[in-house]
Amino acid sequence: MNSLTATVVLALVAASQAAVTDYPEPPQIFDALSNTKYMKHSGKSRAGTINIEFPAADGTDDYIKLGRIDLVGDSATRGYDYGKMLAHEIIKFVDHDLNKFYIDMVMDLNFDTSGLPEGLQKILNAVKVVGAHKAPDLFNEAFTWVYENEKQYFPQHLIDEMNGMGEGICATLGGDCSNEEMTSKIMSVNMLPELIKMACTAYGAWGKANSISNNGTLTQVRALDFGTGPWGNNTVIVTHRNPLDNNMRPFVSVSFPGLVGAITGIAKDGVGISEKVWMVSDSDSRSNLQPGRYDGVPDVFALREILQNTKNRAEAEMYVNSIRRTWGMWVGIGDFESQQLDLVAYRREDAIVYTDVTTPSMTSQPFLENVAYVDRHPQPSNDQVLPTAL
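Here's what I pulled together on the structure shown here. Please read these numbers as outputs of a predicted model, since none were measured by experiment.

## Things to note about helix 9 (residues 299–309)
- Counting buried residues in helix 9 gives 10 out of 11 residues, a clear majority hidden from the surface.
- Considered for burial, the residues of helix 9 that qualify are Asp299, Val300, Phe301, Ala302, Leu303, Arg304, Glu305, Ile306, Leu307 and Gln308.

Following this line, the structure appears as structure tokens:
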């Protein structure tokens, strides 16, 4: 992406049984562009894979393999090119891999639906009754329910992108593929992150905390601690740029086939975002989630808006306080301008900004100067693995 270079970092953190945790040397960092092989093109866009083989710390062979798609043009064009080039990957992810994931979830279903709206409770509780084979249909019905309640809050450019994606998929599949039906499927599955949350890790280090390794500039991380399932084998690195729109910053995000929201990413001369679901350790609910409602901007769409349309932390923090929010998450917002990171405690009720100094009041973890961090556990957290590593 011209001056915006995406890098791939493989995080290798090992814990010993001793009282003091032993952490290895930082892992290698690889340049994505030089390790990308492009195999598909549509208009000015292209798609391929990042494939890197390297020796692990213990001498064994290891590798990184990610999808990559570089999109160029306006929102509708980028969506069309995405759908046309990754049509088969999107269909496999949405109709096969996710369906298997839903069935596996039902086999060990233990989530609390009591805090959800009545209509959604009925759909999800029915999964427990009818059995695993009906899980895909009922989960997709739940996504459609969320979509119908939140669609009025969708940014128009994301609607254009999803419309284009549905059209692009059908351009590749041909036959009796319906643009309207495919677009409806894409819009519904984009509500998946509103129901299925990711308990991840986010932190930023700068100034004194990063003076030796990075000259005091910001190092920002979002670790995808979401375990097994269809995610690891379907991760896509997506770059967006529109040379005809001077107001749009080129950016790169991490996503999954067919999903237009962002879970992490970085924009040229703008902001970087990290995110983790906001769980509460002393909650009465088994889900531990902050209370929310399905009548606002979907969380991952809000993150995408921050990434694409704000130039610094101040603008991003102003944006999250201007919108109708749905569900709770911690949002790490770092920027090129200040080389610092804030953590925003983002929920339906409010969106409060915390710094390296004030975050411990919410997490109960040790203060580290010039380091703002939140681990993957419910907060407050007494787990010492992350602060010890930092």
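## Some remarks on the nonpolar core
- Among the nonpolar cores identified, the biggest contains 81 residues, and Ile69, Tyr102, Leu195, Phe301 and Ile306 are the most heavily contacted of them.
- In this view, Phe301 contacts Phe154, Pro155, Leu158, Met162, Asn190, Met191, Val260 and Gly261; residues no more than four positions away in its chain are not counted.
- Ranked by size, the runner-up nonpolar core spans 12 residues in total, among them Leu218, Trp278, Trp330 and Ala372.

## Section: unusual backbone geometry
- Each neighbour pair has its own omega, and for Gln379 with Pro380 the value is 0°, a cis peptide bond.
- Position of Pro380 relative to the elements: it lies in the loop between strand 15 (371–374) and helix 12 (385–389).
- Its identity as a non-glycine residue notwithstanding, Asp269 has a phi of 55°, on the positive side.
- Considering the arrangement of structural elements, one finds Asp269 in the loop between strand 10 (264–267) and strand 11 (271–277).
- The backbone phi angle of Gln339 is positive, close to 55°, even though this residue is not glycine.
- The residue Gln339 is located in the loop between strand 12 (329–335) and strand 13 (341–346) in this model.

## So, the packing of aromatic side chains
- For the structure on display, the rule yields 12 aromatic pairs.
- Taking the centre distance of 6.0 Å and the plane angle of 85° together, the rings of Trp145 and Tyr294 count as edge-to-face. Taken together, the residues Trp145 in helix 4 (residues 135–150) and Tyr294 in the loop between strand 11 and helix 9 connect sequence positions 149 residues apart.
- Residue class for Trp145 comes out partly exposed when judged on its relative accessible area of 22%.
- Ring-pair connections join several aromatic residues into one group, and the members of that group are Phe101, Tyr102, Phe139 and Phe143.
- Above the face of the Tyr38 ring, Arg46 is positioned so that its terminal group lies 3.9 Å from the ring centre.

## Considerations on the side chain of Asp70
- Here Asp70 is to be found in strand 5 (residues 61–72).
- Of note is the side chain of Asp70, whose polar atom sits 2.4 Å from the side chain of Tyr38.
- Not counting chain neighbours up to four residues away, the residues in contact with Asp70 comprise Tyr38, Ser45, Arg46 and Thr239.

## Observations regarding the environment of Thr355
- Structurally, Thr355 is set in the loop between strand 14 (351–354) and helix 11 (360–363).
- Through-space distance from the C-alpha of Thr355 to that of Asp342 is 5.1 Å; in sequence the pair is 13 residues apart.
- Every residue in contact with Thr355, bar those within four places of it in the chain, is listed here: Asp342 and Ala372.

## Examining the sheet that holds strand 14
- Strand order across the open sheet formed by 10 strands is 3-4-5-8-9-10-11-12-13-14, with mixed pairing between neighbours. Two strands bound the open sheet, and with one partner strand each, they are strand 3 (36–42) and strand 14. On average, each strand axis in the sheet is tilted by 20° relative to the strand beside it, whichever way the strands run.
- Pairing geometry for strand 9 (residues 251–255) and strand 10, over four bridges, is antiparallel. If you follow Ser253 over to strand 10, its bridge partner there is Gly265.

Rules used throughout
Residues numbered from 1 in each chain as written. Predicted model: local features only at pLDDT ≥ 70, side-chain atom pairs only at ≥ 80, totals over all residues. Heavy atoms only, no water. Buried < 20%, exposed > 50% of the residue type's maximum accessible area, 1.4 Å probe, protein only. Helix = DSSP H or I, 4+ residues; strand = E, 2+ residues; numbered from the N terminus. Core = buried A, V, L, I, M, F, W, Y, C linked by side-chain atoms within 4.5 Å. Contact = heavy atoms within 4.5 Å. Phe/Tyr/Trp six-rings, centres within 6.5 Å; stacked < 30°, edge-to-face > 60°. Lys NZ or Arg CZ within 6 Å of the ring centre and 35° of its normal. Polar contact = N/O pair within 3.5 Å; in protein donor to acceptor, adjacent residues only side chain to side chain. Pairing = 2+ DSSP bridges. Axes fitted to C-alpha atoms, helices over the stretch in contact; angles between N-to-C directions.

These figures capture arrangement, not role.
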